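Spelled out from the first residue to the last, the chains are:
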Amino acid sequence: MKLFDLHCDTIERMEELGEDMLTDKTQLSLKYLPQMEKWCQTFAIFIPDSKRGADAVSYYEQVLAYFHKMLQKHADIVEMANTADDIRRITGSKKCAALLSVEGGAVLVGKLENIEKLKKDGVKMMTLTWNGANELASGSVNPEMGFTAFGREAVKEMERQNIIVDVSHLNDKGMEELMGFATKPIIATHSNLRSVCSHKRNVTEEMFKYIVEHKGLCALNLPHGFVSDEPMKDSKAELFRHVYRMLELGGEDVIACGSDFDGGITSQMDNPALFASFGDYMVEHGISRRVSDKIMFENALHFFEENIK
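What you see as residue numbers is a count from 1 along each chain, following the sequence as written. A pLDDT threshold of at least 70 governs which residues receive local features in this predicted model, and a stricter bar of 80 or more applies before side-chain atom pairs are shown or counted, although totals over entire chains, interfaces and linings include all residues. Computation of side-chain values covers all heavy atoms of the structure but excludes hydrogens and water.

1. Concerning the state of the cysteines
What counts as a disulfide here is a pair of cysteine sulfur atoms lying within 2.5 Å. Taken as a whole, this structure holds 0 disulfides when the rule is applied. Summary of cysteine pairing: cysteine 96 is not part of a disulfide, and the nearest cysteine sulfur, belonging to cysteine 40, is at 6.8 Å. Residue classification places cysteine 96 among the buried positions, given a relative accessible area of 0%. Counting only cysteine sulfurs, cysteine 218 is the nearest neighbor of cysteine 257, a cysteine outside any disulfide, at a range of 11 Å. Buried residues are those whose accessible area, probed at 1.4 Å on protein chains only, stays under 20% of the maximum for their type, while exposed residues exceed 50% and partly exposed ones sit between those limits.

Here it is as structure tokens:
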């Protein structure tokens, strides 16, 4: 089984609990590594809307330090990756390749020079907002708010520094504006299709088509509220509906995985091995192994080859 997961909130949860990466107290744990053929995992440092200014920076540094502490403790099974070649080498040695991202542009505290600091820290992606407003833009709490002047400059600087712009959580107005001024591919690290499930954080078909046209990524998200409007009886079948429609929209090369583990409640696929088994489920339900492998691992790897230098 293969898994290239573009988003989880687990490192923050581990730090809060004082647990290591082999814990059984979080949805995501490296105890599942022996079941994996290949596993690349993005660990997001989540900046809550309650933290702004110096508090946001302090919290980021606190969780970042814990991330590196865990990498050192578990160096025999996990290693930080910076390039696509790193990912191949690390996963080829049966370790988990760890990528670093940030969820929440408040970490920049309105200063463009902090983007360079994130780059030096090894951050590969940044989710521009969470649900509320920050110095760049807003999530769903402020649906009428678009990008600030600083937000537009921040996107340009992220593109220059090769930090990928992540639009999961960005509100519709912000997304509409971004599609007009972004010059590099964007990703939605944990968003499904709104036409299949109406949650406002899922992308519309127009947004998805933009991602397809500009060779970005849209990563399948597992928490209930983003998969189905109805009480879920079979999470794999419900998620498959999103895949099927995404493929109809030309998404074969852009569908990826973004579990959001430890950021929401899931069923049936509530750990990495079970999520990885979704690849076999797709094959059993008519998707070719080639396309299944692209969704579960290869599309994200190819994106990193093209966009992370």
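2. Topic: helix H2 (residues 54–73)
Helix and strand assignments follow DSSP, with helices taken as H or I runs no shorter than four residues and strands as E runs no shorter than two, numbered in order from the N terminus. Expected span, for any helix, means 1.5 Å times one less than how many residues it has. Taking 1.5 Å of rise per residue, the 20 residues of H2 would be expected to cover 28 Å, and the 29 Å separating its terminal C-alpha atoms lies within 8% of that figure. Contacts are residue-level and defined by heavy atoms, with any inter-residue pair within 4.5 Å sufficient. Looking at the buried side of H2, the elements it contacts are helix H1 (10–17), strand E2 (38–46), strand E3 (78–80), strand E4 (96–103), helix H4 (113–121) and strand E5 (123–127).

3. Some remarks on the nonpolar core
Take the buried Ala, Val, Leu, Ile, Met, Phe, Trp, Tyr and Cys residues and link them wherever side-chain atoms come within 4.5 Å; each set so joined is a nonpolar core. Residues Met21, Phe67, Met126, Leu178 and Phe278 are the most contacted members of the largest nonpolar core, which totals 86 residues. When residues of this core are assigned to their parent elements, the largest contribution, 9 residues, is made by H2. In this structure phenylalanine 67 touches Ile11, Met21, Phe43, Met80, Ala98 and Leu100, once residues within four positions along its chain are discounted. Ranked by size, the runner-up nonpolar core spans 21 residues in total, among them Ile87, Ile164, Ala219 and Ala256.

4. Notes on the side chain of serine 138
The topology assignment puts serine 138 in the loop between E5 and helix H5 (149–160). On the basis of relative accessible area, serine 138 is assigned to the buried category, the value being 0%. Pairs of N or O atoms are called polar contacts if they sit within 3.5 Å, as long as, within protein, a hydrogen donor faces a hydrogen acceptor (for residues adjacent in sequence, only side-chain-to-side-chain pairs). At 3.3 Å, the side chain of serine 138 forms a polar contact with the side chain of asparagine 142. Among residues more than four places away in sequence, those in contact with serine 138 are Thr129, Asn131, Gly132, Ala133, Met145, His169, Leu170 and Asn171.

5. Structural notes on the pairing of E2
Of all 9 residues in E2, 8 are buried; the element is thus mostly enclosed. Paired strands, as defined in this entry, are two strands with at least two bridges between them according to DSSP. Two elements, strand E1 (residues 2–5) and E2, share 4 bridges in a ladder whose sense is parallel. Residue pairing in the sheet places lysine 2 in a bridge with lysine 38 of E2. Both E2 and E4 contribute to a ladder of 7 bridges, which runs parallel. Residue pairing in the sheet places phenylalanine 43 in a bridge with leucine 100 of E4.

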